[in-house]
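Residue-level structure breakdown
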Amino acid sequence: MPLLVAPALPAGSIGGQEQPHLPVRPGLALRAWRDDDGPSVRVAFNCPAIQRWHVRRLDSDDEARAWTAQWAGRWRAETAASWAIVDADDRPVGQVGWRGVLLAEASAHLSYWVLPAARGRGIATAALRALTRWSFTRAGLHRLALEHSTANTASCRVAARAGFIEEGVARGSVRHADGWHDMHLHSRLAT
Ligand SMILES: CC(C)(COP(=O)(O)OP(=O)(O)OC[C@H]1O[C@@H](n2cnc3c(N)ncnc32)[C@H](O)[C@@H]1OP(=O)(O)O)[C@@H](O)C(=O)NCCC(=O)NCCS
C-alpha cells in the first residue's frame, strides 16, 4: 500500500554523516564515546540514582566497553545516539542522547545523566540545550520528547529549565525496579 506522506527525513540524513562534536559552553562539549571512557561509564552505572532511573547496572569493564562501543552502530542505523558530555580535559562528566529516533516523523526521545561528582552545576541543562539546538538547526529533527518518572523531580527541573513543555502524564507506563511508574512527558518542537 503506498504511503500518502513522505518520510520527514530520508534515510542516511543522520547516519550518513559523522557524529558531530558539539560545543556546550566554555569547558564543556559533547563528543562521541571512546573505548577508553569505560571507567567513567562504570562510575555512572554505580550511582544508585542512575541505576534507578535508567533501570540497569554494569558489572564489568567488558560491559562498560560494550556500552561505549554500541553507539557507533546505532548512529549508523539511525535508531539512537549518545554523546559523552566532556569537561575541559576531555573527560566524561555525563551523557546526553537520542533514543527511539524516527526518521519518518523527524523525532527522537532524549536521555541524560550526569556523574554524581559533577551535579548541581547546570551541566545537564546546558548539554540538553546544546543537543536540542543542533537537533533542530542541523539534524533536521522536528520534535524532541523526554519522559521521566513523576518521582524524578531533578529530571523534571532539567526538562523545564531546558525549555521542554509539559504535555501530560502517562499513567503506569514504565516499569522500574520498585514497580510501575507514572511518566511525565515533555517536548519541544523545532518551531
Ligand atoms: C537529573 C540529573 C541529570 C541532573 O543533572 P545536573 O547537571 O545536576 O542538573 P542541573 O545542574 O542542570 O540542574 C537543573 C535543575 O535541576 C535542579 N536539580 C538538580 N538536581 C536536583 C535534585 N536532586 N532535586 C531537585 N532538583 C534538582 C537544579 O536545582 C536546577 O534547577 P534550578 O535551575 O531551578 O535550580 C542528575 O541528577 C542525574 O544524572 N540523575 C540521575 C539520572 C537521571 O535522573 N536521569 C534522567 C532520567 S529521565
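Thresholds applied
- Residues numbered from 1 in each chain as written.
- Predicted model: local features only at pLDDT ≥ 70, side-chain atom pairs only at ≥ 80, totals over all residues.
- Heavy atoms only, no water.
- Near = heavy atom within 4 Å.
- Polar contact = N/O pair within 3.5 Å; in protein donor to acceptor, adjacent residues only side chain to side chain.
- Areas by Shrake-Rupley, 256 points an atom, 1.4 Å probe, with all protein chains shown as cover.
- Helix = DSSP H or I, 4+ residues; strand = E, 2+ residues; numbered from the N terminus.
- Axes fitted to C-alpha atoms, helices over the stretch in contact; angles between N-to-C directions.
- Parallel < 35°, antiparallel > 145°, perpendicular 65-115°, else oblique.
- Contact = heavy atoms within 4.5 Å.
- Nonpolar A, V, L, I, M, F, W, Y, C, P; charged D, E, K, R; others polar.
- Buried < 20%, exposed > 50% of the residue type's maximum accessible area, 1.4 Å probe, protein only.
- Pairing = 2+ DSSP bridges.
- Patch = residues over 30% accessible without salt bridge, like charges linked within 9 Å, V, L, I, M, F, W, Y side chains within 5 Å.
- Salt bridge = Lys/Arg side-chain N within 4 Å of Asp/Glu carboxyl O.
- Lys, Arg positive; Asp, Glu negative; His and termini not counted.
- Charge placed at Lys NZ, Arg CZ, Asp CG, Glu CD.

An unreviewed UniProt entry annotates the chain as GNAT family N-acetyltransferase of Micromonospora parastrephiae.

So, about the site of the ligand. The full set close to the ligand counts 22 residues, and Gly 120, Gly 122, Thr 125, Arg 157 and Arg 161 are the nearest of them. Contact distances for the ligand include 3.2 Å between a nitrogen atom and a side-chain N or O atom of His 54. The backbone of Gly 120 places a nitrogen or oxygen atom 2.8 Å from an oxygen atom of the ligand. Its free accessible area being 920 Å², the ligand has 73% of it covered by the protein chains. Of all elements in the fold, only α2 (48–54), β5 (107–114), α4 (123–137), β6 (143–149) and α5 (153–161) reach the threshold of two or more residues within the shell around the ligand. Here the element with the most residues in the shell around the ligand is α5; it accounts for five residues.

What follows concerns the packing of helix α1 (residues 38–46) against helix α3 (residues 61–77). Close contact between α1 and α3 brings their axes to 9 Å; oriented N to C, the two are set at 105°. On the basis of the axis angle, α1 is roughly perpendicular to α3. Along the contact surface, α1 presents Gly 38, Val 41, Arg 42 and Phe 45, while α3 presents Asp 61, Ala 64, Trp 67 and Thr 68. Taken together, the residues of the contact of α1 with α3 break down into four nonpolar, two polar and two charged.

Another aspect to go through is the pairing of β5. β5 sits mainly inside the fold: seven of its eight residues count as buried. Two elements, strand β4 (residues 92–102) and β5, share seven bridges in a ladder whose sense is antiparallel. Residue pairing for β5: Arg 99 is matched across the bridge by His 109. Two successive antiparallel strands, β4 and β5, enclose a turn made up of four residues, where Ala 106 displays a positive phi of approximately 50°. The sheet contact formed by β5 and β6 spans three bridges and is parallel.

As a further point, take the environment of Ala 64. Mapped onto the elements of the fold, Ala 64 is located in helix α3. We classify Ala 64 as buried; its relative accessible area is 1%. Separated by 17 residues in the primary sequence, Ala 64 and Cys 47 place their C-alpha atoms 14 Å from one another. Not counting residues within four places of it along the chain, the set of residues in contact with Ala 64 comprises Gly 38, Arg 42 and Leu 58.

Quick look at the environment of Leu 185 now. Within the fold, Leu 185 resides in strand β8 (residues 179–189). Judged by its relative accessible area of 23%, Leu 185 falls in the partly exposed class. Setting aside residues up to four positions removed in sequence, Leu 185 forms contacts with Arg 143, Ala 145, Leu 146, Glu 147, Ile 165, Glu 166, Glu 167 and Gly 168.

A few words on a positive patch on the surface. Together, Arg 129, Arg 133, Arg 157 and Arg 161 make up a region of like positive charge exposed at the surface. Elements that contribute at least two residues to the positive patch include exactly α4 and α5. Residue position: Arg 157 is located in helix α5. A residue is classified by how much of its surface remains accessible, and Arg 157, at 51% relative accessible area, is exposed.

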